[in-house]
Structure formats: structure tokens, C-alpha cells
Amino acid sequence: MKQLRALLALFVFLALAMPAAAQDPGRGGGRIAAVDVRGTQRIDPDTVRSYMLVQVGDVAEQDRIDRSLRALFATGLFRDVTIRTEGARVVVDVVENPLVNRVVFEGNRRISSEILRSIVLTQPRSVFTPAAVQTDRQRILEVYARRGRFRATVEPKIVELDQNRVDLVFEIVEGDPALVARVTFVGNNAFSEARLRDVISTQEQAWFRLLSSSDIYDPERLVFDRELLRRFYLRQGFADVQITGSSGELSPDRSAFFVTFTIEEGQRYRVGRVEVINEIPRINMEGLRREVEIASGDWYDGDAVERGATAIADALQARSEPFIEVQPRVTRNPETATIDIAFIVREGPRAFVERIEISGNTRTEDRVIRREFRLAEGDPMNARQIRRSRDRIRSLGYFSDVQITNQPGSGPERVNLMTSVVERATGEFTLGGGYSTDAGFLLDVGVRERNLLGMGLDGRVGGVLAQRRSQLDLSVTDPQFLDRNLAAGADAFLINRDLRLVTGYRERRAGFALRTGYEINDRLRQNWSYALIDRDITDIDTDASTFIKEQAGRTLLSQVSTTVTYDMRDSRIEPRSGYVVRVGGDYAGIGGDVNYFRSRADGQYYIPFERLLNDPDFVLVLSAGGGILSPIGDENDRIVDRFFLGGENLRGFRLGGAGPRDLGSSNEDSLGGRVLWTSSAEMRFPLPLPSELGLLGRTFVDAGSLSGIPDSYFNRSGARPVDDGDPRVSVGVGFSWRSPIGLINIDFGKAVVKKDYDKTQIFRLGFGTRF
């Protein structure tokens, strides 16, 4: 009986428990009647439900509820989440992560907040998450490590605000940079460590690198240095060279690195046979071999091979063959230590420019960039013209980076040129000071905008105040007037010069000039100008020459000038090869008080010695110039229009120190001359000092002659004019220093062929700075 009652009680219990279990989602198996979301402030409850794996009407399973919990945490939107069941209802309690109000960086002096803000993930009005903040902390540390500051520390802190907002503050201690204590090379047999250190950009720490970052350890710079070493060895004939390793070992105190490069030089090769192989019957091969600078017997030069292929392709494209490619083929002969080089000319892929797209120019107008392109939409693809276009855009000086890439167009033979530029500041305020042997101590102030209003206009206002010279000028130039191959500009100026130590008077000039110029081709250019200048010779010394006293007073110069320039230099800023020739003339007489024609010409020829001496700073510069002043009519020319010899155009002599003068005056005043010629041979060379110092030495031989004064000068009583065309010659040495405060030029010249009455000058200094 007791057993029967126990079985009956168990049956009743199970009958009552089973419906309850079927309605309790937490126990699994029941249906969810509702999902209640509590605690949201900014986030819509439906958004919370969308992240969950259980919805109304689903069969409740504890595993899916647990996975929903993890999914909500993974969104990064919530600081805390709990899920519980109440009967057939699932209740979700959330605590939202705060919104970031501001991201602030403190203690960062070496890296700007703008740079740091661009690399962190957490931004204002984003959701604050500890994981993202830790990622940002690591990113900041990596940026400092790339700049050699391995001791930097970053501590993120939050400042809680109302409405569930926070300010995120990264407190940064930058620490001292880890400098490079030593750079060593392993496996270098052909070149010394000192020579290889001049090749790479990473340098050992030294006191004179105070303003440089080259001695700060940078892992990315080591990768660049490996490529510099590889290309250096390739230029020297080591075609099999391998830079197998570059490593930096941090000192125990984390203050310095020891950098090691491992090199496998391999065999050194000379050039064997050089030939150009034509696979296109219609191509005339005449003259193509001359485009290649490599000759049999030279040391193999990988860069010269690339330049040869490019030169042949450019020559063919200039012959209206745009779809040509030139591929160099290199054949090693280890048994003879030679390399045979063949330049194979074959048909290249046909492609036409469909569109030219420009991006990144937030300030500069599209037309300013587009007018520098040497090809237009619809033209055949031409690698030479693309390089020219890129170089022309870079030479504008408006952009820190210019990249032109190809993208497929709408068809198989269509290509889009994607031009990406990075703009940089083009406005300048300059305040400078210095010393010049000719002008004395000076102060230079100027304001310039090289891209005025984003239209490519160049405007400048400047002034110079010196002991023996003052100048105020205003100029504006449009390099592409009316978007044509025509530069146009205007100048207004006021100049005062104290020439009493040279010719015994002061000179004032005030006037304006209109300028224009155009390119005939890439190398040939012509400029024109018209100037209207009021000249006044005043403050003549009482004991000055009679001929100079006659020059007192004002004259009006109305002059038209032209100059034709043919420029074949490799660089206009720091040329090392090529030549430039300028020929021009001035005609005065369109109104005004003076009539003359003045012709002038000059040129420079640069001969590099890099291949012979393994250093690009060895350059021989040959220069020459001359001019002839021819008065028109019966009037004598004015002294302010004549040539003077000495100073910059003939070192070893004072400004105006050579040439015609009046020995009857107390100061033996220089009278200038009508016929001038100068020549110079200057050998530039690196000094045995670290290249970062920016020092270059030179030796020079200068020669020149000045003659030609009015015949009437010789008929004056009491005057002793001298005028001869005998050459003057000087020799000397000097150096240039690109110092942190400006360029300093120092020359020591000795006049070795001169007249007794010439004024010599052994020491000449030019110093200036802008900041």
C-alpha cells in the first residue's frame, strides 16, 4: 500500500512539473515569448536584439543564449552584458560603453598631435573600448620606435564626463632617441667601411649631427640602405652582389644600436660586347648605339644599363614610335669576368590615354597641373612623356610628392593616368642676415607665395638692407600665362648702391620691368623683357676722377632685352654633367636718354668624374662669358651701363679691380669697359670629412679681360686713363659649406697675371641665411 501511494505521488509531481519546464526558456526546449532589453541609452533595443542568436518564437537553448552573450560583448558597444530568463521572457541587461568626446595627446613634442591622431583608431564621437585603446597605445609606440625613440612610454587615461562621455588622454613620455653607436660591414673586400658609410643614409652618432636625424636608429631606413648598397655595388661592376643581412642590436641600456650589414660581393665584371638588336624591320637603327654610354672594357654598371635602355626608347619615341619597348639582356661570362649586353628593340603593347585623373590637389587648380602634361587624352601611351610630365609637375614646387600610375581603361587598349599629388606649403616668410665682401653686413626680409590663390602665380615682396646696398622689390609671375606656353611677369624696384670704394659715387635706380618667355622645346628657351629705369649718380667723391664727375645726375633708361638659353644640364639646382649656353642682347633707345646695343653670352660645361673616382662630387666646371657694349650715335656711353671685372667674375681681384681706370684720381677709380671676356676652370671635390657637414672644396683658375673706354678720355689734361686688353689671371682654392644657418662660400685667390695698378683681393667671403 505504501508503495502504491509513493508511485501515485511521483506521478502527480511529474504531471505538475512538466508544463512548467516546457514554459521555462532557461531550462531549454520552451519557446521564447519576448526579449526585453534594458539599460540602453543611445542604442536602439532592436539593434541589441539583432546581434543575438535567439529571437522571439525560437526554441530556447542555453548554448545559443551563451553565444548571444559573447556576440554582444564582441560588438564593443557594451561595458557589461547579462542575460537571464524570467518565465518565457529573456531579459538582457546592458551597460553601454561611453562615447569618446575628445582624443588628447600630452607630452608629444617630437611628433605632432595631427600625425598621432591620424594613426589611432579611437576618434571623437566613436565608442570607447579598452581593446581599441590598447591597440592605439601600441601604434603610438611603433611610430616612436620608427623614429628611434625606443624608450618612449604611453599611458592612456580617461576623464569621465556627463551623458556617458569620456575624454581619452594619451600621456606620452618620449624619452631620448636611440642613436647608432657603430656601423660595421661584414664581407666587404673591395671597399673600405669608410667608403660604404658614405653610401648609406644611416650614420654613426657625432656632435656635428645635432640637427640631423641620420644617426637615429630606424629599421625602415636599414631596408633602404640595403638597396643603396646593392645599387652601389652594381654600379661598380659587382653584378652578383647580395646584401644578405642588416641588423640592429640594441645596447643593454636601450640607448644605442650597433648596426651590421652583411655583404656577399661576388665577382667583379667588365663590359664585354655591347649591341643593339632590332626585331622591327621598319626601324632605322642609325644613331641608336650612340645613345648608350657603356663601352666595352668599362666596369659593368647596372644603372648605366637601365639608362641606356631608357635612352634608346626615348630616341625611338621621339621618332614617332610610341609603341616600342627596349629590354636589356645581360649575359655573364664568369670565365672571362665579362658581361655581354644586348639591347633588344621590339614591339610593345599598344595603348592610348583615355583619361587623366588628378587627386590630392585641395588648393591647386586642376588646370595648373594638367597644363604640365606633355601628352593629352587620346594620345598614345608614351613612357618618356609621362616621365617628363611628372618631372615638370614636381619642378613646380607646389607638391611634396607626385605619382603617376596606370589603370586599365574602358577597353583593352585604353589606359587611365592616375595622378596623385600631396600639396605642401608654398608661402614663405624669410628673414635673413649675413655678410658679403661686396655688400658688407646685410639684412634680408621677404614674403613670397609661389602658388598664389592656387592659380600657379608667383608673387614676392622683399627688401635688402646692407652696408653698401639696399633694395626694395615687388614681383609677380604667371609661368603659364593664359594657360599657354608663355610666362609673363612684372617687377617694380628701388635700388641704392654705394660704389665709392670702386668708382667713387653712389647710385640709385628706380623703375619697373615687364617680362615674358616661352619654351621652344625642353632644352631651348627664350626670354624677353622691357625695363624703364630712372638712374641717379650722386654723392661723388670730391677727389674722384673727372670722368666720373661728368656722370653726375639722372638718366632715363628705356631698354628691351632678350636671352636665348640652351640647357643640357642634368640638374638646374646642382648640375654635375651637361652644359648650358646663354646668348642675349640689350637695346636701349626706345625713348629715354641713352642709346646703345649690348650683346652678351656665357656658358658652363660640367664634366663628371664619378666613374673614374667613384664619387659624384668630383666635377670639373669650365665656364666662359663675354659682352660688348656699342653706343649708338655720337653720345658716349654711361658708366652705369659698362662692364666691370673683378670680384665674382674674376676671383683674386676686387670688385672692379681690373680693367680701365684713371690713375690721375686719388683712388685710381675704375671706369668700367665696353668689351669683356672671362673664363674659368674649377675642379670641385669632396673634402675628407663626413658628407653630412655639407662641405665641398674647389680649386680654380680664372682669367679675364676688360677694355674699351671713349677715345675722348685720352685727350683730357690732368687725367691718366689706362686701357688695355691684356688678360688677367688668378688661381686659388675655396670651399662651400651648406651650414644649418645658410650657404657659406669662402675663396682664397691669388692674382698671378696683373697690372701694377690693379686692385687685388686674396680673401672673399659670402655668407647668408634665411629662417
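For the structure, check the block above.
Residues numbered from 1 in each chain as written. Predicted model: local features only at pLDDT ≥ 70, side-chain atom pairs only at ≥ 80, totals over all residues. Heavy atoms only, no water.

Novice: Sorry if this is basic, but what is going on with the overall build of the protein here?
Specialist: A tally of regular secondary structure across the protein gives twelve helices and 33 strands. On C-alpha atoms alone, the protein measures out to a radius of gyration of 39 Å, which is more than a quarter above the 28 Å that the 2.2 N^0.38 rule sets for 771 residues. By principal-axis analysis of the C-alpha atoms, the protein measures approximately 165 × 70 × 60 Å. The buried share among the 771 residues of the protein stands at 43%. If you take every contact in the protein between residues at least 6 apart in sequence, the share linking residues at least 24 apart comes to 58%. (Helix = DSSP H or I, 4+ residues; strand = E, 2+ residues; numbered from the N terminus. Rg over C-alpha atoms; globule rule 2.2 N^0.38 Å. Buried < 20%, exposed > 50% of the residue type's maximum accessible area, 1.4 Å probe, protein only. Contact = heavy atoms within 4.5 Å.)

Novice: What is the right way to read the nonpolar core from this model?
Specialist: Side chains of nonpolar character tend, in soluble globular proteins, to be buried together. Ile294, Tyr300, Ile312, Ile341, Phe343 and Val345 are the most contacted members of the largest nonpolar core, which totals 24 residues. Judged by nonpolar contacts, the second largest core, of 21 residues, contains Ala178, Leu196, Ile200 and Tyr217. (Core = buried A, V, L, I, M, F, W, Y, C linked by side-chain atoms within 4.5 Å.)

Novice: In this structure, what is going on with the pattern of salt bridges? I would like to understand it.
Specialist: Where charged atoms from two side chains of opposite charge approach closely, those side chains can pair. Inspection of the entire model under this criterion finds 65 salt bridges. Residue Arg64 pairs with Asp58 through a salt bridge whose shortest N-O separation is 3.7 Å. Residue classification places Arg64 among the partly exposed positions, given a relative accessible area of 25%. A salt bridge links Asp498 to Arg500, with the nearest nitrogen and oxygen atoms 2.9 Å apart. On the basis of relative accessibility, which here comes to 30%, the residue Arg500 falls in the partly exposed class. Each of Glu227, Arg230, Arg231, Arg235, Asp303 and Glu306 takes part in one network of salt bridges that share partners. (Salt bridge = Lys/Arg side-chain N within 4 Å of Asp/Glu carboxyl O.)

Novice: What should I look at first to understand the pairing of strand E9 (residues 256–264) in this one?
Specialist: Remark: a regular strand shows side chains that alternate across the two faces of the sheet. Pairing between strand E7 (residues 179–186) and E9: seven bridges, direction parallel. The residue of E9 that forms the bridge with Thr184 is Thr260. Alignment of strand E8 (residues 242–250) against E9, held across eight bridges, turns out to be antiparallel. In the strand pairing of E9, Gly248 is matched with Val259. Taken together, E8 and the strand that follows it, E9, pair antiparallel across an intervening segment of five residues, in which Arg254 is found at a positive phi of about 60°. (Pairing = 2+ DSSP bridges.)

Novice: How should I be thinking about helix H10 (residues 383–395) in this particular structure?
Specialist: For an α-helix, 3.6 residues make a turn, and residues three or four places apart therefore share a direction. Compared with an ideal rise of 1.5 Å per residue, which puts 13 residues at 18 Å, H10 spans 18 Å between its outermost C-alpha atoms and is within 8% of the ideal. Of the positions making up H10, those classed as buried are Gln385, Ile386, Arg388, Ser389, Arg392 and Ile393. Seen end-on, H10 carries its buried residues on one side only, within an arc spanning 160°. Contacts from the buried residues of H10 go to helix H9 (366–370), strand E14 (399–408), strand E15 (414–423) and strand E21 (506–519). For H10, the N-terminal capping position is held by Asn382, with its side-chain oxygen 3.0 Å away from the main-chain nitrogen of Arg384. Gly397 occupies a position one or two residues after H10 and carries a positive phi of about 85°. (Expected span 1.5 Å × (residues − 1). Arc of directions from axis to C-beta. Polar contact = N/O pair within 3.5 Å; in protein donor to acceptor, adjacent residues only side chain to side chain.)

Novice: What's the story with a nonpolar patch on the surface in this structure? I'm lost.
Specialist: Residues Tyr566, Tyr579, Val581, Val583, Tyr605 and Leu622 make up a contiguous nonpolar surface patch of about 490 Å² in total accessible area. Top element by residues in the nonpolar patch is strand E24 (residues 578–588). It accounts for three residues. As for its position among the elements, Tyr605 is in strand E25 (residues 596–608). For Tyr605, a relative accessible area of 42% corresponds to the partly exposed category. (Patch = residues over 30% accessible without salt bridge, like charges linked within 9 Å, V, L, I, M, F, W, Y side chains within 5 Å. Areas by Shrake-Rupley, 256 points an atom, 1.4 Å probe, with all protein chains shown as cover.)

Novice: What's the story with the sheet that holds strand E13 (residues 352–359) in this structure? I'm lost.
Specialist: Each strand in a sheet pairs with another by means of backbone hydrogen bonds, the pair being arranged parallel or else antiparallel. Across the sheet, which stays open at both edges, the three strands sit in the order E13-E15-E14 with mixed pairing between neighbours. On the outer flanks of this sheet lie E13 and E14, each paired with one strand and no other. Adjacent strand axes in the sheet meet at a mean angle of 20° when their direction is disregarded. Two elements, E14 and E15, share nine bridges in a ladder whose sense is antiparallel. Bridge assignment links Phe399 to a residue of E15, and that residue is Glu423. Where H10 meets the sheet, it contacts E14 and E15, and its direction lies at approximately 155° from that of E14. (Axes fitted to C-alpha atoms, helices over the stretch in contact; angles between N-to-C directions.)

Novice: Explanation requested: the packing of aromatic side chains in the structure shown.
Specialist: The geometry of an aromatic ring pair comes down to the distance between the two centres and the angle between the two planes. A complete count under the given rule lists 16 aromatic pairs for this structure. With a centroid separation of 4.0 Å and an interplanar angle of 15°, the aromatic rings of Phe547 and Tyr713 are classed as stacked. Of the two residues, Phe547 is situated in helix H11 (residues 546–549) and Tyr713 in the loop between strand E29 (695–707) and strand E30 (721–722); the sequence distance between them amounts to 166 residues. An identical accessibility class is assigned to Phe547 and Tyr713; each is buried. Taken together, Phe191, Phe232, Tyr233 and Phe238 form an aromatic cluster joined through their ring pairs. (Phe/Tyr/Trp six-rings, centres within 6.5 Å; stacked < 30°, edge-to-face > 60°.)

Novice: In this structure, what is going on with the sheet that holds strand E12 (residues 338–347)? I would like to understand it.
Specialist: As summarised here, the arrangement of the three strands in space is E10-E12-E11, forming an open sheet in which the pairing is mixed. Because the sheet does not close on itself, it has two edges, and the strands there are strand E10 (270–278) and strand E11 (324–333). When strand polarity is set aside, the average angle formed by the axes of neighbouring strands in this sheet is 20°. Where E10 lies against E12, seven bridges are found, and the strand directions are parallel. Following the sheet pairing, Ile277 is matched in E12 by Ile344.

Novice: So what exactly am I meant to see when it comes to the pairing of strand E5 (residues 153–161) here?
Specialist: Relative to strand E6 (residues 165–173), E5 runs antiparallel, the two sharing nine bridges. In the strand pairing of E6, Pro156 is matched with Phe170. Turn length for the E5-E6 hairpin, with the two strands adjacent in sequence and antiparallel, is three residues, and the turn residue Gln163 shows positive phi of about 60°.

Novice: It is not clear to me how the packing of helix H8 (residues 302–318) against H10 should be interpreted in this structure. Could you clarify?
Specialist: Between two packed helices, the angle of one axis relative to the other and the distance separating the axes together describe the packing. One can describe the packing of H8 onto H10 by two numbers: an axis separation of 9 Å at closest approach and a directional angle of 105°. Between H8 and H10, the crossing angle belongs to the class labelled roughly perpendicular. Taken together, the residues of H10 that come into contact with H8 (itself represented by Thr310, Asp314, Gln317 and Ala318) are Ala383, Arg384 and Arg387. Among the residues making up the contact of H8 with H10, the classes are represented as two nonpolar, two polar and three charged. (Parallel < 35°, antiparallel > 145°, perpendicular 65-115°, else oblique. Nonpolar A, V, L, I, M, F, W, Y, C, P; charged D, E, K, R; others polar.)

Novice: Teacher, can you tell me more about the side chain of Asp662 here?
Specialist: Its location among the elements puts Asp662 in strand E27 (residues 661–662). The charged side chain of Asp662 is buried without a salt bridge, its nearest counter-charge being Arg720 at 6.7 Å. Separated by 2.6 Å, the side chains of Asp662 and Ser545 make a polar contact. Sequence-distant contacts of Asp662, that is, excluding residues within four places in its chain, are made with Ser545, Thr546, Phe547, Glu668, Asp669, Leu671, Ala719, Arg720 and Pro721. (Lys, Arg positive; Asp, Glu negative; His and termini not counted.)

Novice: What should I look at first to understand the environment of Glu279 in this one?
Specialist: By the secondary structure assignment, Glu279 is in the loop between E10 and H8. Accessibility expressed as a relative area gives 45% for Glu279, which makes it partly exposed. Sequence separation of Glu279 and Ser201 is 78 residues, and the distance between their C-alpha atoms is 42 Å. Every residue in contact with Glu279, bar those within four places of it in the chain, is listed here: Ile344, Val345 and Arg346. There is a polar contact of 3.4 Å between the side chain of Glu279 and the side chain of Arg346.

Novice: Whenever I open this one, the packing of helix H7 (residues 219–235) against H8 confuses me. Can you help?
Specialist: Where H7 meets H8, the axes come as close as 6 Å, and the angle between the chain directions of the two elements is 80°. What the angle tells us is that H7 and H8 run roughly perpendicular. Where H7 approaches H8, its residues Arg231, Leu234 and Arg235 are matched on the opposing element by Gly302, Asp303 and Glu306. Partitioned by chemical class, the residues of the contact of H7 with H8 number one nonpolar, one polar and four charged.

Novice: How should unusual backbone geometry be read in this particular structure?
Specialist: The phi torsion of most residues other than glycine is negative, and most of the peptide bonds are trans. The backbone of Ser320 sits at a positive phi, close to 65°, despite the residue not being glycine. Along the chain, the position of Ser320 falls in the loop between H8 and E11. Accessibility expressed as a relative area gives 62% for Ser320, which makes it exposed. At Leu482, a position not held by glycine, the phi torsion is positive, near 55°.

Functional significance is not addressed by these values, which are geometric in nature.
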